[in-house]
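An overview of the molecular structure
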Amino acid sequence: MKFKSQKIAFWFFAVCMLLLTLQIVYGFIMGFARLGLDGLHDFIPFNVARTTHTNLLVVWLLTGFMGAAYYIIPEESDRELYSEKLAWIQLISWVVVGVTAVIGFHFGWWEGRKFLEIPRPLDYLVVVNVLLFLYNIGMTIWNATKRSTTQLVLFFGLFSAALLYLPGMLYFDNQTMDSYFRWWVVHLWVEGVWELIMGGILSFLLIKLTGVDREIIEKWLYVVVGLTFLSGILGTGHHYYWIGAPKYWLMIGGLFSALEPLAFLAMAIWALNMYRKKGKDHPNKIALYWTLGSAIMSFIGAGFLGFAHTWPSVNQWTHGTLITAMHGHLAFWGAYAMLVLAVIAYALPNLTGRKLFNGMNGYIAFWAANVGMLGMTGALAVAGIAQVYLERKMGMDFLAVQKEIQFHFIGMLLAATLFTVGIGMYIFDFIRHGMPNDEAIGKNIDDQNVK
Ligand code: HEM
Ligand code: HEM
Ligand SMILES: [Fe+2]
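Before going into details, it helps to say that this report is about the structure given with it. (Residues numbered from 1 in each chain as written. Chains lettered and ligands numbered in written order. Predicted model: local features only at pLDDT ≥ 70, side-chain atom pairs only at ≥ 80, totals over all residues. Heavy atoms only, no water.)

**Looking at the overall build of the protein chain**
Rules: A run of H or I in DSSP counts as a helix once it spans at least four residues, and a run of E counts as a strand once it spans at least two, with each numbered from the N terminus. For this measure, only C-alpha atoms enter the radius of gyration; the expected value for a globule follows 2.2 Å times N^0.38, where N is the number of residues. When a residue's accessible area, from a 1.4 Å probe over protein chains only, is under 20% of the maximum for its type it is buried; when over 50% it is exposed; and in between it is partly exposed.
When you go through the protein chain residue by residue, the secondary structure sums to 15 helices and zero strands. In terms of overall size, the protein chain behaves like a compact globule, its C-alpha atoms giving a radius of gyration of 21 Å where 451 residues would be expected to give roughly 22 Å. Its C-alpha atoms put the protein chain at 65 × 45 × 45 Å along the principal axes. Every one of the 451 residues in the protein chain was classed for burial, and the buried ones make up 58%.

Spelled out as structure tokens, the structure:
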């Protein structure tokens, strides 16, 4: 690391590891429940497990983005963080709100809007917390001696993500209106402003890991931002097909969402191209694996598998089935989970001064997690296709169909086990790095190996 205050990032990353572990536990609870093994049903019924699983996902990814910002912004601004103390207050209050929300879910304290189940009083605390975060990052940039596109795109992404949290807090007693604005958060996050955060982080990692000129790398960033806005905003319409919104959304949503894969394709081509042009061999290969992996896997999970069910004439059959869950898993994994794991893999050796990236462990973790996640996606795809045919084409009863497709969840759980082995090894490596320490200041590993 270059600056002492970057150390705070480590603690955000440590929280990520904890919450990811918990998320996986709840995934298994649901997977077993799907097989009829639901001994925990009285304490953690399926809907509670599902809510906890998805909210933990969102919280650990946001925690990862914050950690990434606390690491990247001081370095891009060439100065210490505005206030380290504020960052600590923000971290601790963030964890308190998150833990309260998760415990609350188990006692029925939630709102019934998928992905946004955190109850209203906690929403206000989230808003205050995120304002603290933005203030700290914003002041660091304001007082910076350097400006960069990477820094500004990252900040703009984080700022817009915070702004877009607000429509999710509006109250409607009309189902259509409620659904309409829920997507301003859920869709405009993952297919809009989170893509800007992704672009910013990817840009930083590519600059550090490939050594290609910043000017070239940041030109691509403009392309990614442009394609995201062009497709993602009106692409929201692919969630308005069947909720009671006007009919024109069928055309607009279909057309613009079909263009959304372009932004992810651009990110994949960008990352691979920069790697081919590389001006140096960075010793931290495993960070490069996660970085390129994220760019490629996001195209497959979000771009390709999203495209597969985005056209109205397909979506009328697949809407809300396991096809959606299939896409949801690989999209979140490729675009955002892998990206956060990439930042951590890059930052950890710089924060702790330990160069543990050359062992086999890291590679096995990478492949096991990715092959495992692809296997889970495959199992959900087969189950989803069977579900669509039996339930929607043949007209079989919903629960009878669930029984028919139960078998595929054995496959899913086997793949999930492989995935979990990979994540376990990643976390093992994380722990082996030890704590961040001041001796690592000024000794960034990327500055030492220019060809
Ligand atoms: C990283 C980016 C993405 C992530 C994390 C993501 C994740 C998700 C998730 C979790 C859902 C379920 C939402 C819910 O029902 O509440 C969903 C739905 C959907 N996604 Fe994505 N997605 C991404 C990108 C895309 C793209 C690029 C497309 C189109 C090309 C797409 C097409 C769809 C469609 C059509 C649905 C609705 C499925 C249904 O009708 O049930 N997604 N996505
Ligand atoms: C490794 C163990 C995991 C298992 C066994 C698992 C299993 C499940 C199950 C059974 C569901 C509910 C599907 C349904 O409604 O029937 C679910 C939902 C979901 N999981 Fe996982 N999961 C795991 C890990 C993950 C990871 C690592 C991610 C993200 C990177 C993730 C993202 C999601 C999302 C976004 C949903 C909601 C999908 C939708 O809205 O349709 N899961 N998971
Ligand atoms: Fe969407």
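**Let's talk about the site of ligand 2**
What counts here: Any residue with at least one heavy atom within 4 Å of a molecule or strand is counted as near it. Under the rule applied, a polar contact is a pair of N or O atoms within 3.5 Å (in protein, one hydrogen donor and one hydrogen acceptor; residues adjacent in sequence only if both atoms are side-chain atoms). Charged means Asp, Glu, Lys or Arg here, nonpolar means Ala, Val, Leu, Ile, Met, Phe, Trp, Tyr, Cys or Pro, and polar covers whatever is left, Gly included.
Arg-34, Arg-50, His-53, Lys-114 and His-329 are the nearest of the 25 residues found near ligand 2. A distance of 2.8 Å is found between an oxygen atom of ligand 2 and a side-chain nitrogen or oxygen belonging to Arg-50. Within the contact set of ligand 2, an oxygen atom lies 3.5 Å away from a backbone nitrogen or oxygen of Ala-325. Looking at the shell around ligand 2, the elements with two or more residues in it are helix H1 (8-34), helix H2 (46-77), helix H12 (322-352), helix H13 (360-393) and helix H15 (408-432). Grouping the constituent residues of the shell around ligand 2 by class yields 15 nonpolar, seven polar and three charged.

**Remarks on the site of ligand 1**
The environment of ligand 1 is formed by 27 residues, the closest being Lys-114, His-319, Gly-320, Thr-324 and His-327. A distance of 2.6 Å separates an oxygen atom of ligand 1 from a polar side-chain atom of Lys-114. Among the secondary structure elements, those contributing two or more residues to the shell around ligand 1 are helix H6 (175-210), helix H9 (261-276), helix H10 (285-307) and H12. The element that contributes the greatest number of residues to the shell around ligand 1 is H12, accounting for seven residues.

**What about the environment of Met-425?**
Stated formally: Contacts were defined at the residue level, with two residues in contact if any of their heavy atoms lie within 4.5 Å.
Turning to its location among the elements, Met-425 is positioned in helix H15. Met-425 sits 38 residues away from Gln-387 along the chain, and the two C-alpha atoms are 34 Å apart. In this view, Met-425 contacts Asn-361, Ile-364 and Ala-365; residues no more than four positions away in its chain are not counted.

**Things to note about the coordination of the iron atom of ligand 2**
Test applied: For Na, K and Ca the donor cutoff is 3.2 Å, while for all other metals N, O and S atoms must lie within 2.8 Å; water is not among the atoms, so some sites may look incomplete. Donor angles set the geometry label: tetrahedral for four donors if every angle is between 85 and 135 degrees, square planar for four and octahedral for six if opposite donors exceed 155 degrees and the others are between 65 and 115, irregular for anything else.
Protein-derived ligands of the iron atom of ligand 2 are His-53 (NE2) and His-329 (NE2), with the metal-ligand distances lying across 2.0 Å. Seen from the iron atom of ligand 2, its six donor atoms lie at angles of 85 to 179°, and the figure they make is octahedral. Note that His-53 is positioned in helix H2 and His-329 in helix H12, a separation of 276 residues in sequence.

**Quick look at empty space enclosed by the protein**
Test applied: We place a 1 Å grid over just the protein atoms. Points where a 1.4 Å probe fits but has no way out form a cavity, open points with protein on both sides within 12 Å along at least 5 of 7 lines form a pocket, and any residue with an atom within 4 Å of a point lines it. Grid points are joined across faces, edges and corners, and a volume is the space filled by probe spheres set on the points.
Scanning all chains against the criterion turns up two cavities of 30 Å³ or more. Counted as a void, the largest cavity has a volume near 170 Å³. Together, 17 residues line the largest cavity, and Ile-286, Ala-345, Tyr-426, Asp-429 and His-433 are the ones closest to its centre. Among the elements of the structure, H10, H12, H13 and H15 are those that each provide at least two residues to the lining of the largest cavity. For the lining of the largest cavity, the element with the highest residue contribution is H12, accounting for four residues. Across the lining of the largest cavity, the residue classes break down as 12 nonpolar, four polar and one charged. For the second largest cavity, the calculated volume is near 30 Å³. Of the residues contributing to the lining of the second largest cavity, the split by class is three nonpolar, one polar and four charged.

**What about unusual backbone geometry?**
Positive phi is not limited to glycine here, since Asp-78 has a value of about 55°. Relative to the helices and strands, Asp-78 resides in the loop between H2 and helix H3 (84-105). Phi angles above zero are rare outside glycine, and Phe-115 is one such case at about 80°. Topologically, Phe-115 is positioned in the loop between H3 and helix H4 (120-142).

**Here we look at the coordination of the iron ion (ligand 3)**
Protein-derived ligands of the iron ion (ligand 3) are His-187 (ND1), Glu-191 (OE), Glu-191 (OE), His-238 (NE2) and His-239 (NE2), with the metal-ligand distances lying across 2.1 to 2.7 Å. Mapped onto the sequence, the donors of the iron ion (ligand 3) take the spacing H-x3-E-x46-H-H.

**A short note on the packing of aromatic side chains**
In plain terms, the rule: Think of it this way: a Phe, Tyr or Trp ring, Trp meaning its six-membered ring, pairs with another when their centres are within 6.5 Å, and the plane angle makes it stacked under 30 degrees, edge-to-face over 60, tilted otherwise. A positively charged side chain is recorded as over a ring if its NZ (Lys) or CZ (Arg) lies within 6 Å of the ring centre. The angle to the ring normal must also be within 35 degrees.
Summed over all chains, the structure comprises 35 aromatic pairs. Taking 4.9 Å as the distance between ring centres and 85° as the angle between the ring planes, the aromatic pair formed by Phe-10 and Trp-11 counts as edge-to-face. An aromatic cluster of three or more residues is present, and its members are Tyr-289, Trp-290, Trp-333, Tyr-363, Phe-366, Trp-367, Phe-419 and Tyr-426. Here the basic side chain of Arg-182 rests over the ring of Trp-183, its NZ or CZ set 4.3 Å away from the ring centre. When the ring centre of Trp-317 is taken as origin, the NZ or CZ atom of Lys-393, which lies over that ring, is 4.0 Å away.

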